[in-house]
Amino acid sequence: MTHFDTLIIHANLATMNDEFGFGGQVPYGQILDGAIGISEGKIQHIAHSAAGLTADQVIDASHQWLTPALIDCHTHLVYAGNRSNEFEMRLNGVDYKTIANQGGGIVSTVKSVRQSSFDELYQASEKRLKALIGQGVSTIEIKSGYGLDLENERKMLLVAQALGKNYGITVKKTYLAAHALPPEYKDQPDEYIDQVCQWLPILYEEGLVDAVDAFCENIAFSPEQVSKVFDVAQSLGLPVKLHAEQLSDMGGAGLVAAYEGLSADHIEYLNDNNIEKMADKGVVGVLLPTAFYVLRETKLPPIDRMRKQGVSMAVSTDCNPGTSPSTSLLLAMNMACTLFQLTPEEALAGTTRHAAKALGLEHQKGQLKVGFDADIAFWDISRPADLSYLIGQNTLQTLLVGGKGYNLSAQ
């Protein structure tokens, strides 16, 4: 007899695991009426039956569908303030670039963040975190980028760190000071980038940075300016990612590939040459359909060409106050299907195994796989496609984080 801390029986498993046929002839790498053995927070055994297995605790899943807990790999969740006025402006015909040039957009949120105390910022952000956890998210990336000075970038990253610690989930902290030009550096982008490069080692030494991001766009920073930041990141051994090709083709995705980075995100204007570079270096393409929707963008990411080149595609909320005020990863999955024509299987892979890869966690999260973290979501659904199909419906029943039941009622 093989004994575990926890044994889950009578479970329909969407493993997202190649060992069980994912990516081949078995949709979702699925196992019907299977079993999972868990010990010390890790998945130790996956089988088609529970024969010969025992445990201290046995959970009868009653044929619910189990997936890896979801991963939100691109968020700006820590922020203060409200930008619904910009939503109205866009609906009245004012475009994103004009709003930014008039002092709105990112700089508007910077003002609110700078005026907020740590506690105020934590309390505002906590609500959004709880909403995501309530939809089965156990791993989340949180970016800085609304402070744009050392003190307030640090404050944002400290809030992100505290949220992860207090809620017992995995939070990856990304340094995004190269997000926009703060008012005090108006018309001095190179001087500001020099400051961004100086702050990075300080915050890294304080244990507040897991990765480095930037906004490479005609309303933000050039590839040359981003390269300066990435050079510092590389010298510290930090992985990089990039807001790339959202509004125009700046070649950002190719830049990430040159640095062997984690992901290029948004990528509506991604060109074929850089798709090949991403494929060659294993760079994940992160799709952000809710931002696409809110901005009423018409240029679709080149999904089919990425498929053909074998680029992994993740899906995320892009939770932020200006262009994606959403805390529903399930809605993002639906939109990835309806707007970008991903299959439901691709959408689930995009919020599990490919999202894990976008955070450098592909060897421990995002699949039901022996040796991986036992972060598991239980869903009351008929088939895995329901997660993308049921618009606005949250069917989560149980969430395990590190093999332990998460108290969802507290969320």
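Residues numbered from 1 in each chain as written. Predicted model: local features only at pLDDT ≥ 70, side-chain atom pairs only at ≥ 80, totals over all residues. Heavy atoms only, no water.

Participant: For the sheet that holds strand 8 (residues 170–178), give the residues involved together with the corresponding values.
Facilitator: Pairing is parallel across the open sheet formed by eight strands, whose spatial order is 6-7-8-9-10-11-12-13. Both edges of this open sheet fall to strand 6 (70–72) and strand 13 (313–315), since each of them pairs with a single strand only. Adjacent strand axes in the sheet meet at a mean angle of 25° when their direction is disregarded. Each of strand 8, strand 9 (211–216) and strand 10 (241–244) is contacted by helix 7 (residues 223–235), which is oriented at about 175° to strand 9, the strand it contacts most. (Pairing = 2+ DSSP bridges. Helix = DSSP H or I, 4+ residues; strand = E, 2+ residues; numbered from the N terminus. Axes fitted to C-alpha atoms, helices over the stretch in contact; angles between N-to-C directions. Contact = heavy atoms within 4.5 Å.)

Participant: Quick rundown of the pattern of salt bridges? Include the residues and the values.
Facilitator: Any two side chains of opposite charge can pair, on the condition that their charged atoms come close. Applying the stated criterion across every chain yields a total of 17 salt bridges. A salt bridge links E141 to K241; its shortest N-O distance comes to 3.5 Å. Of this pair, E141 sits in strand 7 (residues 137–143) while K241 sits in strand 10, and the two are 100 residues apart along the sequence. Both residues of the pair, E141 and K241, belong to the buried class. Here K308 makes a salt bridge to D304, at a shortest N to O gap of 3.2 Å. Of this pair, K308 and D304 are both found in helix 11 (residues 303–309), four residues apart, which corresponds to roughly one turn of the helix. Look at K308 and you get exposed, because its relative accessible area is 67%. (Salt bridge = Lys/Arg side-chain N within 4 Å of Asp/Glu carboxyl O. Buried < 20%, exposed > 50% of the residue type's maximum accessible area, 1.4 Å probe, protein only.)

Participant: Provide a residue-level description of the packing of aromatic side chains, including the pertinent values.
Facilitator: The full count for this structure, using the stated rule, is six aromatic pairs. Aromatic side chains F118 and Y122 sit 6.2 Å apart centroid to centroid with 25° between the ring planes, which places their arrangement in the stacked category. In this pair, F118 and Y122 both sit in helix 4 (residues 118–133), four residues apart, roughly one turn of the helix. F118 gets classed as partly exposed once you look at its relative accessible area, which sits at 33%. Residue Y122 is classed as buried on the basis of its relative accessible area of 12%. (Phe/Tyr/Trp six-rings, centres within 6.5 Å; stacked < 30°, edge-to-face > 60°.)

Participant: A description of the nonpolar core should follow, citing residues and the corresponding values.
Facilitator: In terms of nonpolar packing, the biggest core is built from 103 residues, with L77, V78, I140, Y175, V212, L242 and M306 touching the most fellow members. Composition of this core by domain shows at least three residues from each of domain 1 (3–69 + 367–406) and domain 2 (70–358). If we skip the residues at most four places from it in the chain, Y175 touches S144, E153, L157, V196, W199, L200, L203, V209, A211, V212 and D213. One finds I31, I36, I46 and L400 within the second-largest nonpolar core, a separate group that totals 16 residues. (Core = buried A, V, L, I, M, F, W, Y, C linked by side-chain atoms within 4.5 Å. Domains from an automatic or database assignment.)

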